[in-house]
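# Structural description and commentary
If you want the building blocks of each chain, they are given just below.
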Amino acid sequence: MAKPKIASDWMCGCAGCHMSLLDMDERILKVAELADLRATPITDLKEPDASGVDVGVLEGGINNTANEEVAHKMRARAKILVALGDCAVFGGVPAMRNFCGVEAALKRAYVEAESNEPGCEIPNDPELATMTQTRAIHEVVPVDYNVPGCPPDADVIFYVLAELAQGRKPELKDDLLHWH
Amino acid sequence: MVQLTINGKQIEVPEGTTVLRAAAQAGITIPTLCDHKELTPYGGCRLCIVEVQGFRVPIASCTLPATQGMVVSTETEALKKSRKFVLSMLFSERNHFCPFCQVSGGDCELQNAAYHEEMTHWPMQPGWNNYPVDSTHPYFVLDNNRCILCRRCVRACGELAGNFTLSVAERGAASIIIADTNVPLGESTCIKCGTCVQVCPTGALIDRTSAYQGNEAQITPVKSVCVGCSVGCSVNLLVRDNRLVRIEGDWTGPVNHGLLCEHGRYDPMTESRQRITSPLVRKNGQLEPVSWDEALGAVADKLKPLAGDAHTGVAAIASTRLPVETLSMFKELFAGEFKAHIVTSTEEGMTTAAVFAVAERMGAFEGKLDVLRTADLTLCLGADIVNSHMVAGFLIKRALPKGMRLVSINPQAGVLEDLADLALVNQPGSDLSLVEGLKAIIVKEGLGRTPLALPNAARLIEEAVRATGIPLEKLTQAARMLAGAISPVILFGKGITAQRSEHLIESLHSLAILVGAVERERAGLISMKGEANSTAAALLGLDAPFVLNGQQAVFAAIGDDYVSGRLVKRLVKAPYLVVQAAYQSKLTEQADVVLPVSTWAEQEGHYINLDGRVQKAEKVLTGPEAVRDSTAVLGEIAMRMNMPVRADWQQAIRERKPSMALN
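The sections below set out a description of the structure shown in this document. Every chain's residues receive numbers from 1 upward, in the order its sequence appears when written. Think of it this way: whatever chain is written first is A, whatever ligand is written first is 1, and the rest follow in order. Where totals are concerned, whole chains, interfaces and linings use all residues; where local detail is concerned, this predicted model gives features only for residues with pLDDT of at least 70, and gives and counts side-chain atom pairs only at 80 or more.

## Topic: the overall build of chain A
Stated formally: Helix numbering and strand numbering both begin at the N terminus, where a helix is a DSSP run of H or I of at least 4 residues and a strand a DSSP run of E of at least 2. The quantity called the radius of gyration is restricted to C-alpha atoms. Its globule counterpart is 2.2 Å times the number of residues to the power 0.38. Backbone-placed C-beta atoms define the burial measure: a residue is buried with 20 or more other C-beta atoms within 10 Å of its own, exposed with 12 or fewer, and partly exposed in between. Contacts here follow a simple rule: the backbone-placed C-beta atoms of the two residues must lie within 7 Å.
When helices and strands are counted, chain A shows six helices and seven strands. For chain A, the N- to C-terminal ordering of α and β elements is β-α-α-β-β-β-α-β-α-α-β-β-α. Computed over the C-alpha atoms, the radius of gyration of chain A is 17 Å, within 12% of the 16 Å expected from 2.2 N^0.38 for a compact globule of 180 residues. Dimensions of chain A, computed from C-alpha atoms along their principal axes, come out at roughly 60 × 35 × 30 Å. Counting only residues that meet the buried cut, chain A has 39% of its 180 residues in that class. Taking all contacts inside chain A whose residues are at least 6 apart in sequence as the whole, residues at least 24 apart take part in 80%.

Here it is in structure tokens:
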């Protein structure tokens, strides 16, 4: 039987969850043994295979139209979708801006911040994706497994990937369940 | 007793026990958020729902009394689903994002509850509404965005501290916690006891000093005792890397039952006095750092020739905030072979001398603060308890809404005025006439619980009215209230004891017997004492007035106590002054030798509180390198003067009759 294919991508997060994935040290070889690691943001292949993958892993929440596309593409191409980390699961730190709104957050960052030069504007290049409210992935596309944590421990990521690669359903509880 | 079955387990509990408590007794944990064992059940969070055979729907177990034959289930699939739903609703209300919350990672009961239900995400996202944040309080921040409206803080404020500052404004999802009539916390009637912060299950009430300094779940709290005053509250000290992170009230504390006041909880956290880190000796008018050997040598050389000179030799004074080990050693050293003329404490027996002198003849007559739990009237004489002994004040304040009445008679206007059913102001020094007058009225009206012959009652009443300046009708009102109470308690403070009148204490005692405050097993007469070890100092006989009269040297053992301006003023005259202290003060500035010693948290020691509990304070911190234990320093001086000490404090405190049972 062919090894299951795993692809990952990141959206509105800090890349910390992928760092935590690397934090599993030599066990990543075990994952590579069990599964065929395909597209990831830290490998050459950047998009999940058009022919589909078995497991798609997404880090980060969804806070603009570009992220929406990434989420939809991964959902369409992955049999099982894993939301990795607090931003993917809940919206996380970027969701703080939902309490003040996109407009106010952009203005604070690009116009009012103490470090800005006078006359700064909110970027408005038409090629830029449109900002939206920050959402958890499950608000945009159906998610099969939510793996919370900020970031999730390497142990948790290893457990989830190893279980999925071997065709089992990971169950997060007790020591494996942490939201941050 | 009623029998019920929970999860198939047969349990017997006293009538009136809630199903939640019954389950806990049987070792069955039912998740809950709004429940707290020291607070009355509220039924707010609905997390503790259970299924009861014959009931149509699940019901909150915290407000459900167990009844005979009840069959309860706590862990069915339907209940698990319901609890997850309850939590989902809570998470959807406000800002419960964990990564930027200071209680995340073990200290949050909401997060722990979600883990318990194995929630990997929120089925419903929050509504992104903003709620007020109040950061006007000096010790904590109230963030309504983290609040789950369990009302533990509101209940603790009223039920435990008796202060009723916190309440809830608005309705439903718009509800917020407010102070008074929605004024900023920092400008409210809050008395800063911090009990609300201690009971908050989430990050809605944030302690300023310990926030973001690591999880409580990763620190082993050490049980110790507060040395702020004579109440002797049990505390849990949270220490990390030799640093005090937070102080919490110990719920199992026999006196305070979890409560602390501003001084106990926050004073050690905001300590700003400068530490003394080296022995100092005055050379050419300047205090200079020297070795311990040199400093102790200087002290021994100066003091030794003065030993045995009972008049112009040495005067020794020790703080009543020092542990009994130090006080006992101090007493043995200076009152023993050394024969110093004055060996006393900084309180000079102002809060204890008369009481202990009476006990010398009568035996123990004072009661335990526990009597306040069943009191229906408290008479406070010469004591501003709410301010001087705050936690004892809470015990009184919280009993008032339950029907306890409070009568305060004090020479100072305004004392307990806001709280008392009757607050009277008597002329200074008229307390004996006052007490005799109250007794005479009770006897004259035939209201006494025990027989007392007072042939001259009419004259005593007349004298009381004249001396106290209180009109007869008010005195009569106070006397009738006192005589009419079923379980009265009489508390008296420094205003009474500082008069050093044994006659006054005896008179008070006979009043207590007359009205039934003291009868058979019940002892409802208590003096409030002063500092943490007032009682120990009294037991050691360190209670004489401190009057310098030509003494050639003074030894002052201050420890980590605050130095009163009065003491400094009196010690200016000392020709040679040795100060043993932890912190710099006006006193150390004028000393000839300064010996740096440990603080309360840096050395093990025992304290005897106002009602006779012998309690141990633990060593939880390591002091600066050159600082020594206050008992050890005295032992060293004794050795250098060749005056060996036995250092048996347990024996030493038994040489005098206590005014209350020691335990």
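Resuming the write-up.
## Thoughts on the overall build of chain B
For chain B, the helix and strand inventory stands at 21 helices and 29 strands. Its C-alpha atoms give chain B a radius of gyration of 28 Å, within 12% of the compact-globule value 26 Å for 663 residues. Summarising its shape, the C-alpha atoms of chain B cover approximately 85 × 70 × 50 Å along the three principal directions. The buried share of chain B, reckoned over its 663 residues, is 53%. Expressed as a percentage of contacts within chain B between residues at least 6 apart in sequence, the contacts between residues at least 24 apart total 70%.

## A few points about the sheet that holds strand β4 (residues 59–60) of chain B
All names here are of chain B. Just so we agree on the cut-off: Two strands qualify as a pair provided DSSP detects at least 2 bridges between them.
Within the open sheet, the five strands sit side by side as β2-β1-β5-β3-β4. Their pairing is mixed. In this open sheet, the two strands that pair with only one neighbour each are β2 (9–13) and β4. For strand β1 (residues 2–6) and strand β5 (residues 71–73), the ladder comprises two bridges, and the chain directions are parallel. If you follow T5 over to β5, its bridge partner there is V71.

## With respect to the sheet that holds strand β7 (residues 140–143) of chain B
Residue and element names in this part refer to chain B. The strand order across the open sheet built from three strands is β6-β7-β10, with neighbouring strands paired in antiparallel fashion. Here the strands that pair on one side only, and so sit at the sheet edges, are β6 (133–134) and β10 (205–207). When β7 meets β10, the two strands line up antiparallel, connected through three bridges. Residue pairing in the sheet places F140 in a bridge with D207 of β10.

## Let's talk about the environment of S510(B)
Residues and elements named next belong to chain B. The topology assignment puts S510 in helix α16 (residues 502–515). On the basis of neighbour count, S510 is assigned to the partly exposed category, with 16 C-beta atoms found within 10 Å. Measuring from C-alpha to C-alpha, the distance between S510 and D592 comes to 49 Å, with 82 residues separating the pair along the chain. With sequence-adjacent residues up to four places away left out, S510 is seen in contact with K439 and L452.

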